[in-house]
There are 4 protein chains.
Amino acid sequence: MIVVMTAGATQDDTQYVVARAQSLGLRTHVSLDNGRTVISLTGGLRGIESDALSGLRGVERVASLRLPYRLTSSEYKSERSIIPFNGLSIGGDEIMVMAGPCSVESQSQLLETAVAVKNAGAKLLRGGAFKPRTSPYSFQGMGEPGLKLLAEAREQTGLLIVTEVMSPEQVPLVCEYADVLQIGTRNMLNYSLLQEVGRVDKPILLKRGMMSTINEFLMSAEYILSHGNNHVMLCERGIRTFETYTRNTLDINAVGALKELTHLPVIVDPSHATGKASLVASASRAAVAAGADGLIIEVHNDPDHAWSDGDQSLNHSEFEALMGQLKAIAVAVGRTI
Amino acid sequence: MIVVMTAGATQDDTQYVVARAQSLGLRTHVSLDNGRTVISLTGGLRGIESDALSGLRGVERVASLRLPYRLTSSEYKSERSIIPFNGLSIGGDEIMVMAGPCSVESQSQLLETAVAVKNAGAKLLRGGAFKPRTSPYSFQGMGEPGLKLLAEAREQTGLLIVTEVMSPEQVPLVCEYADVLQIGTRNMLNYSLLQEVGRVDKPILLKRGMMSTINEFLMSAEYILSHGNNHVMLCERGIRTFETYTRNTLDINAVGALKELTHLPVIVDPSHATGKASLVASASRAAVAAGADGLIIEVHNDPDHAWSDGDQSLNHSEFEALMGQLKAIAVAVGRTI
Amino acid sequence: MIVVMTAGATQDDTQYVVARAQSLGLRTHVSLDNGRTVISLTGGLRGIESDALSGLRGVERVASLRLPYRLTSSEYKSERSIIPFNGLSIGGDEIMVMAGPCSVESQSQLLETAVAVKNAGAKLLRGGAFKPRTSPYSFQGMGEPGLKLLAEAREQTGLLIVTEVMSPEQVPLVCEYADVLQIGTRNMLNYSLLQEVGRVDKPILLKRGMMSTINEFLMSAEYILSHGNNHVMLCERGIRTFETYTRNTLDINAVGALKELTHLPVIVDPSHATGKASLVASASRAAVAAGADGLIIEVHNDPDHAWSDGDQSLNHSEFEALMGQLKAIAVAVGRTI
Amino acid sequence: MIVVMTAGATQDDTQYVVARAQSLGLRTHVSLDNGRTVISLTGGLRGIESDALSGLRGVERVASLRLPYRLTSSEYKSERSIIPFNGLSIGGDEIMVMAGPCSVESQSQLLETAVAVKNAGAKLLRGGAFKPRTSPYSFQGMGEPGLKLLAEAREQTGLLIVTEVMSPEQVPLVCEYADVLQIGTRNMLNYSLLQEVGRVDKPILLKRGMMSTINEFLMSAEYILSHGNNHVMLCERGIRTFETYTRNTLDINAVGALKELTHLPVIVDPSHATGKASLVASASRAAVAAGADGLIIEVHNDPDHAWSDGDQSLNHSEFEALMGQLKAIAVAVGRTI
């Protein structure tokens, strides 16, 4: 349920409605949309009548939203969100490219790739320090030393850092080093983690669950927004289907659908979505043409010897060539990279 | 198995190998690749030793292909196929757009839309006269009268005609009217039909089965090519997945994959792949950016009253606007529309 | 739409309603359910008002059915259908087991297996003479000589014959030899074929499309019933999912669902549903426990050397052991084998 | 990698191998299989040569396992695991039935249902105190008060308690009250949580991810076993497919497959696997016939008013009737309930 206040409602009016809602056992979240104050109500809505609030001073209307998600929806907020951070922003005309290795492996590997992707036009460096792996026996990431290497690479190149956080207790540590926190595909339904990153003031890159619907994806974003952090980017990274030629199936329809359904920026990960380096370029071009606000691409200085995901990593010159193609497509859709 | 003849092999040499293979119970198919004669052998290969043929005069080598499909593969034919028909061609620099209503409903409906899509830049008119419908009680198409209307629209607009054929016995009739025969998604595994259209000299638009792998798709193309017709266009039209927000999931990865695996032109159908008119534009742009050689798009003069597929049909002005966007993307990838 | 006649309606009343409906361009199908005459109307229902018929003499009511399928539904016919043929029947207390090789390969192979499955308790012999194969280069079945071998095996063992028909023009030939016509999974949406077998008086074993929903499965059955043949058995044979350990995923839920939704008998094919001989026994037991009315199982005298589907074929002693297990389960659910 | 010690190896021999492996940076896990000591090695196996260990005293062989999972596999441990807890055991001849409401809602609701399922033959009471819900606005469970009600119900009925734990920090709290900890389908890939429950001495009911392959399922079990807890039950609860008639598709093949691949007990959840109360009975019978070692079934005293999952909950009399059917099937497969 949301309460939309009138244009002339005062702060006191709003405070009174908030207090009244809280006394009914509801959680409240106050925000602005086009100059109007909107109070979003969550918690046990069972049996709460809207007239408990609709008669209060300054209340224009109390509405149930048509969709199961609220703060995330373009019904709730009609303008597209632009997420600012450390001098950059995502969601505007400029398409943001994030690139780097799957895993942080060593200082030299990371720095070499960081310099290469920066020169080719990337603005953020990706790299995993904590790696969720299907097998308990696989390399699980360097941990904090990996985070330190990422911070060092930022210092040397000016690239901002996006890296994954895997559990609630890692959040403070990763926040110390990263500019953007990534929630991986396996954790899209890890509600404890979503709630935790809902309380930090860093932008979140939320990856779609590999077998989650668009609706569930938006519900997971809603977990984050409803805990107070509305700097969420939605990342389509391929879904699991019956097709086995590719690692996943890039759901390119989701790009257009998410732009309809939500005001949040949409990112595409063509590396996991294809699983094959030879297909990354065509998938990346498609993503930009479809309307994506950013890309996150795996690049490695030596893909054949990468510790993880070598098959889907571009080398430096492939990435540079791809950036040239993407700039042309961006122009064709009225944007820049 | 294929037999590659030497550069100096004579027609007699080739004839002798063909006769020998046939005496072993094999079917043969002779073709040229870059000036070399290649004999493709099919039928009961069980227990046939390659040395029965490898010692014959003019034989350079007898090879098993690595892939289960042969004539279709880019291993077999290294140059991309350009399919010519009635003054047009598909597979070259120009991207071909086919547009029109799902079903032929009436003369005025068809003609009005034909004129509109022609003016916007389409080169072929699509329209169903025979409609495969899930329910035996749904409208099943106008049949031959619909074909006549299509032929009339060709006469008046110069657009070539692509229309579906549903069973082997319909093939001669549809051939009388159509320029391109379409095999629908439900018939991708209808081998009797594939064999039949393998024997005609019209280009075939083969739609991917909605739950068929890329490999199976190429095997179905192989059925057509191995019966003598190598003018086949492969059409990705969305696959069935767990996602229900869209009618199907456009497998945009398949565009890049098919361009790697085969020499045949690749077409995308964004209408069935999304099932929602509002998503057709972004899917179409993505398809062109990914490398598609053509598009087939449902356009209707009055989508709200279409007899079938109204939800996914563009109206005339939406189609015109889309064509403008696609021309820009085509330029960005070094092609034209 | 259906017209339900009153208990006292005469044949003349029925004839009059039929004639009236036909004059409106509708096709009619007259049947009996619990002593009541029911006229099912198909064809262009667009714009036909139910009051055109509801006022006629002897008409109790004109109803739209809630479901997209009609004749197939348990709403339309409340008693379970028992399909009789040549002294056997399917759909009653006795669970019918059909067994035999994937393909007919030779007289000795077929006969040896026929004797073995008969001794173990099977009542029908399965065997493919026409084989739909993904590759045009794979063995496509023996054709009519295979049918003759099946007929011979029937003569020698008394087993009835179930075998696949792949195209409309094969129907008369296969009818000469077979007791039950099988429509394979790839042809579940081949409407020309469905219509053709809707006009014969042999029972049809309709396999579910590997990519088809339960609803689409029933719509395909409806194609057959609406053309006059209501002796249809529905065969769940596994669906395509993301799981790759098994060839398909046996949708055991479909057994219960089909028994709710329709009056037709339900058969399970554990061989294709698993693709692994080692899993056939547990899947077969599950099917009988879930309520299946029959099973169709691949059995081969020498699975390691089968021309097709050897991996999923039981040998003779495995089949015999399985039949023992199934008899115990049948008793536990109040039935016999 | 595993090290299998000789029959005559001493504890000192084993200790030496363990120390040597740890000095190479490996984690070690010592276990017994049929009287032989087996040391499982995990951690960074990159570049570790097996000859670093194979020459040590008491070592019979150093082997790489064929499968990506080790401790979980039936190659590693040839006898089926029987998991004992508080007087019961799972994995032996007796099939264990766990039943109860989706969510704990109140004392009376829980106790009423507990008494009913106990009388019908259930041995464990299920009930959620922490509920993972797709929407942040849905009822998320009673939390600790719910756990207390479960403990109370145990005291009054003697039923043991199985309940879900959603995050690593909840583990100690849930351990205070529960006899079996459940990991839900959304958390099958939550590796932090898997590691945490790998360190407790309670049996774990691990539900298969709705989107996870059998192989990934076993890898998640491996996370738990490799951290020291080998009391894991694997629960098939339906997978996500294209079918929408049912909430999920019960992968009954997985029952047979898991019994082949692993020594761990296999449980089936027919409630989530179907999502429809009317299909729970047939799915349950199928599971027992296929070889499941246990069932977990949602039962509610008033399904129409359940706070969650009412559609798939049996009422008391339906559950009692089902137990009667299951006893008969159990006998048919040589087991008891």
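What comes next concerns the included structure. (Residues numbered from 1 in each chain as written. Chains lettered and ligands numbered in written order. Predicted model: local features only at pLDDT ≥ 70, side-chain atom pairs only at ≥ 80, totals over all residues. Heavy atoms only, no water.)

### Focus on the state of the cysteines
Counting across every chain of the model gives 0 disulfides over all chains. The structure places no disulfide on Cys102 of chain D, whose sulfur is separated from the nearest cysteine sulfur, that of Cys235 of chain D, by 13 Å. (Disulfide = S-S within 2.5 Å.)

### Structural notes on the relation of the copies chain A and chain B
Under the fitted operation, chain A is carried onto chain B by 0.0 Å of movement along the axis and a turn of 180 degrees, and the coordinates agree to an RMSD of 0.1 Å. The operation mapping one copy onto its partner corresponds to a two-fold rotation axis. It is Ala286 of chain A whose C-alpha, among those of chain A, lies nearest the rotation axis, at 2.0 Å. Interface overlap between copies: 100% of the residues of chain A at the interface are likewise at the interface in chain B, consistent with a symmetric, same-surface contact. (Least-squares fit on C-alpha atoms with pLDDT ≥ 70 in both. Contact = heavy atoms within 4.5 Å.)

### Structural notes on a negative patch on the surface
Residue and element names in this part refer to chain A. Taken together, the side chains of Glu112, Asp302, Asp304 and Asp311 make up a negatively charged region of the molecular surface. Take Asp302: it is sitting in the loop between strand 14 (294-298) and helix 11 (316-332). Here Asp302 falls in the partly exposed class, since its relative accessible area comes to 31%. (Patch = residues over 30% accessible without salt bridge, like charges linked within 9 Å, V, L, I, M, F, W, Y side chains within 5 Å. Areas by Shrake-Rupley, 256 points an atom, 1.4 Å probe, with all protein chains shown as cover. Salt bridge = Lys/Arg side-chain N within 4 Å of Asp/Glu carboxyl O. Lys, Arg positive; Asp, Glu negative; His and termini not counted. Charge placed at Lys NZ, Arg CZ, Asp CG, Glu CD. Helix = DSSP H or I, 4+ residues; strand = E, 2+ residues; numbered from the N terminus. Buried < 20%, exposed > 50% of the residue type's maximum accessible area, 1.4 Å probe, protein only.)

### Overview of the sheet that holds strand 12 (residues 232-236) of chain B
Residue and element names in this part refer to chain B. Read around the closed barrel, the 8 strands follow the order 7-8-9-10-11-12-13-14; overall the barrel is parallel. On average, each strand axis in the sheet is tilted by 25 degrees relative to the strand beside it, whichever way the strands run. Bridge count for strand 7 (residues 96-100) against strand 8 (residues 124-126) is 2 bridges, and the pairing is parallel. Among the inter-strand pairings, Met98 is bridged to a residue of strand 8, identified as Leu124. (Pairing = 2+ DSSP bridges. Axes fitted to C-alpha atoms, helices over the stretch in contact; angles between N-to-C directions.)

### A closer look at the packing of aromatic side chains
According to the stated counting rule, one finds 4 aromatic pairs over all chains in the structure shown. Plain terms: the ring middles of Tyr191 of chain B and Tyr223 of chain B are 4.4 Å apart, the flat faces sit at 15 degrees to each other, and that makes the pair stacked. Residue Tyr191 of chain B is found in helix 6 (residues 191-197), and its partner Tyr223 of chain B is found in helix 7 (residues 214-225); the two are separated by 32 residues along the sequence. Each of the two residues, Tyr191 of chain B as well as Tyr223 of chain B, counts as buried. Against the face of Tyr245 of chain C rests Lys276 of chain C, its NZ or CZ located 3.8 Å from the ring centre. (Phe/Tyr/Trp six-rings, centres within 6.5 Å; stacked < 30°, edge-to-face > 60°. Lys NZ or Arg CZ within 6 Å of the ring centre and 35° of its normal.)

### What about the interface of chain A and chain B?
With 38 residues of chain A at the contact, the number on the chain B side is 38 residues. Of all residues in chain A, the largest losses of buried area upon contact with chain B belong to Phe242, Tyr245 and Asn253 of chain A, amounting jointly to 23% of the total for that side. Linking chain A with chain B are 2 salt bridges, by the criterion used here. One salt bridge in this structure joins Arg208 of chain A and Glu243 of chain B, with 2.8 Å as the shortest N-O distance. Applying the counting criterion to the chain A and chain B interface returns 16 residue pairs in polar contact (both at pLDDT 80 or more). Of all the secondary structure elements, the ones that give two or more residues to the side of chain A that touches chain B are helix 8 (253-261), helix 9 (270-274), helix 10 (277-290) and helix 11 of chain A. At 8 residues, helix 10 of chain A tops the list of elements feeding residues into the side of chain A that touches chain B. Residue composition of the side of chain A that touches chain B, grouped by class: 20 nonpolar, 12 polar and 6 charged. (Buried area = accessible area lost by both parts, 1.4 Å probe. Polar contact = N/O pair within 3.5 Å; in protein donor to acceptor, adjacent residues only side chain to side chain. Nonpolar A, V, L, I, M, F, W, Y, C, P; charged D, E, K, R; others polar.)

Function-wise, these values are silent; they only describe arrangement.
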